[in-house]
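Chain residues, written in single-letter form:
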Amino acid sequence: MPEDIEALLERMPLRKPPATLDAKVLPARPRGRGLVGWIVAGGAAAAAAAVLLACWLHEGGEVPPAPVPTGDEPAAVAEAPEPLSVEREWTHVTYEGVVAPEGEPMAKFRRHVVRQLEWIDPADGARMEMTVPREEVILIKANVY
Amino acid sequence: MHRLLERVYQDHRQGLYTLALAVTRCPGRAEDAVQEAFARLWSRGATPSGDPVAYVYAAVRNAAIDQVRRQPPARPPEVASIYNGLPADPAALAVTAEQHRAVREAVEALPAAQRESVVMKIYGGLTFRQMADALGEPLPTVAARYRRALDVLGRHIGGAQERRHA
């Protein structure tokens, strides 16, 4: 009877995996950022973002509107607990007139960029957000008539 | 992905090791095979498209086969059983010494594919679907092989017990 054989097989004492197996298998897994790491990284990012955003607002910039979900963003998957990352970027260019730093007339543009990175831990829904404003000046040779 | 793998390892530690041992028939190589399989899985980092349990069993089986290919067994081969010896009190397991010996001999005498199917089903607790995914074979083939293995074991164990009683 197959059921009898199955029952007999189930009662057999198996050779146990050696105690060293866990130590060999589990330390090989990549470690995620620990809680302290997340707090430190989050704090640093928030401080940097606050300072840079304050500078940018002081120069007359406007906070971009919050992005409307389009449904294209990756959804949190319960079985893929790696933090998901979402990246957004807003750009605004202002014209600041003609300048002549080296005697040659140049049109001066200031480009403001706000880059927002967001990480979501699908395991518990925790979110971390980092906003990085930056600006750059672009000079383009101007044709003066 | 990594937490998923870790959970599969924790839940199937014994079954995975027993499968590796059934393939390599050497405790040291079985341990190396499980370690190697997980090292590959951790580094790959991709989420399996199918059943994660079947995926991990397939990885451990492949690593065990690689172990055997890399280091063919010495002659005469030292075959390590997947079973432990009987404990001091065999009654605790409800297995007599005679049954223990008969089952052990019968399982060791099975063809490799049948032995693996018994290990995956009985000691891994896999479904036929998971076994088929892990082995990359059709489900009816896997199920039929398992039933053949039980038939062979039944005949072997029954014959051994009759011979001893005669």
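These numbers were taken from a predicted model, which means no experiment stands behind them. (Residues numbered from 1 in each chain as written. Chains lettered and ligands numbered in written order. Predicted model: local features only at pLDDT ≥ 70, side-chain atom pairs only at ≥ 80, totals over all residues.)

### Considerations on the overall build of chain B
Looking only at helices and strands, one finds seven helices and zero strands in chain B. Along chain B, from the amino end to the carboxyl end, the secondary structure elements read α-α-α-α-α-α-α. When burial is assessed residue by residue, chain B has 43% of its 166 residues classed as buried. (Helix = DSSP H or I, 4+ residues; strand = E, 2+ residues; numbered from the N terminus. Buried ≥ 20, exposed ≤ 12 C-beta atoms within 10 Å, placed from the backbone.)

### Notes on the interface of chain A and chain B
Counting residues at the interface gives 24 residues for chain A and 37 residues for chain B. Contributions of two or more residues to the side of chain A that touches chain B are made by α1 (2–11) and α2 (20–25) of chain A. Element by element, the count of residues in the side of chain A that touches chain B is highest for α1 of chain A, at seven residues. Split into classes, the residues belonging to the side of chain A that touches chain B amount to 16 nonpolar, no polar and eight charged. (Contact = placed C-beta atoms within 7 Å. Nonpolar A, V, L, I, M, F, W, Y, C, P; charged D, E, K, R; others polar.)

### Looking at the nonpolar core
All names here are of chain B. Grouped together as the largest cluster of nonpolar side chains are 56 residues, with contacts concentrated most on Leu19, Ala20, Val34, Val56, Tyr57 and Val60. In terms of residue count, helix α1 (residues 2–24) provides more of this core than any other element does, 11 residues in total. When near neighbours in sequence (up to four residues on either side) are disregarded, Val60 contacts Leu16, Leu19, Ala20, Ala33, Val34 and Ala37. (Core = buried A, V, L, I, M, F, W, Y, C linked by C-beta atoms within 7 Å.)

### Here we look at the packing of helix α3 (residues 52–70) of chain B against helix α6 (residues 128–135) of chain B
Helix-helix packing: each pair is described by the crossing angle between the helix axes and the interaxial distance. Residue and element names in this part refer to chain B. Remark: α3 packs on α6, axes separated minimally by 8 Å, with the N-to-C direction vectors making an angle of 45°. Taken as axis vectors, α3 and α6 run oblique relative to one another. The element α3 and its partner α6 pack so that their crossing is right-handed. Side by side, α3 and α6 meet where Val53, Ala54, Tyr57, Ala58 and Arg61 of the first sit next to Gln130, Asp133 and Ala134 of the second. (Axes fitted to C-alpha atoms, helices over the stretch in contact; angles between N-to-C directions. Parallel < 35°, antiparallel > 145°, perpendicular 65-115°, else oblique. Left-handed = near helix turned anticlockwise from the far one by under 90°.)

### Quick word on α3 of chain B
All names here are of chain B. An ideal rise of 1.5 Å per residue puts 27 Å on 19 residues; α3 measures up with 27 Å between its terminal C-alpha atoms. Three or more residues of α3 are buried, namely Val53, Ala54, Tyr55, Val56, Tyr57, Ala58, Ala59, Val60, Arg61, Ala63, Ala64 and Gln67. Buried positions along α3 lie against α1, α2 (27–44), α5 (112–123) and α6. (Expected span 1.5 Å × (residues − 1).)

### A closer look at the pairing of strand β2 (residues 106–120) of chain A
All names here are of chain A. By the bridge criterion, 14 bridges tie strand β1 (residues 84–99) to β2 in an arrangement that is antiparallel. Bridging across to β2, Thr94 finds its partner in Arg110. Counted between consecutive antiparallel strands, the loop separating β1 from β2 contains six residues, among which Gly103 sits at a positive phi close to 85°. Where β2 and strand β3 (residues 127–141) come together, 15 bridges link them in antiparallel fashion. If you follow Val113 over to β3, its bridge partner there is Arg134. Counted between consecutive antiparallel strands, the loop separating β2 from β3 contains six residues, among which Gly125 sits at a positive phi close to 75°. (Pairing = 2+ DSSP bridges.)

### Some points on the confidence of the model for chain A
A residue-level look at chain A finds 60% of positions with pLDDT of 70 or above and a mean pLDDT of 72. Scored below 50 in pLDDT, residues 33–37 of chain A makes two contacts in the model with residues more than four places away or belonging to other chains. (pLDDT = per-residue confidence, 0-100.)

### Some thoughts on the sheet that holds β3 of chain A
Residue and element names in this part refer to chain A. Reading across from one edge, β1-β2-β3 is the order of the three strands in this open sheet, with antiparallel pairing throughout. Of all the strands in the sheet, the pair left with one neighbour each is β1 and β3. Between one strand axis and the next, the sheet turns through 15° on average, direction left out of account.

### With respect to α2 of chain B
At 3.6 residues per turn, the α-helix brings residues three or four places apart onto the same side. If you check α2 of chain B, its first and last C-alpha atoms are 26 Å apart, about what 18 residues at 1.5 Å a residue would give, namely 26 Å. For α2 of chain B, the set of buried residues is Arg29, Ala30, Glu31, Asp32, Ala33, Val34, Glu36, Ala37, Phe38 and Leu41 of chain B. At its buried positions, α2 of chain B is contacted by α2 of chain A together with α1 and α3 of chain B. Of the residues one or two after α2 of chain B, Gly45 of chain B is the one with positive phi, at around 70°.

### Concerning the packing of α1 of chain B against α5 of chain B
Residues and elements named next belong to chain B. At a closest axis distance of 9 Å, the pairing of α1 and α5 adopts a crossing angle of 170°. Relative to α5, α1 is oriented roughly antiparallel. Side by side, α1 and α5 meet where Gln14, Gly15, Thr18, Leu19, Ala22 and Val23 of the first sit next to Arg115, Glu116, Val119, Met120 and Tyr123 of the second. Of the residues that constitute the contact of α1 with α5, the class distribution is six nonpolar, three polar and two charged.

### Describing unusual backbone geometry
For Arg25 of chain B, which is not a glycine, the phi torsion comes out positive at approximately 60°. By secondary structure assignment, the location of Arg25 of chain B is in the loop between α1 and α2.

### Digging into the environment of Ser85 of chain A
Residue and element names in this part refer to chain A. In this structure, Ser85 sits in strand β1. You can call Ser85 exposed: it has 11 C-beta atoms within 10 Å. When the C-alpha atoms of Ser85 and Glu118 are compared, they prove to be 5.5 Å apart, with 33 residues separating the residues in sequence. In this structure Ser85 touches Leu117, Glu118 and Trp119, once residues within four positions along its chain are discounted.

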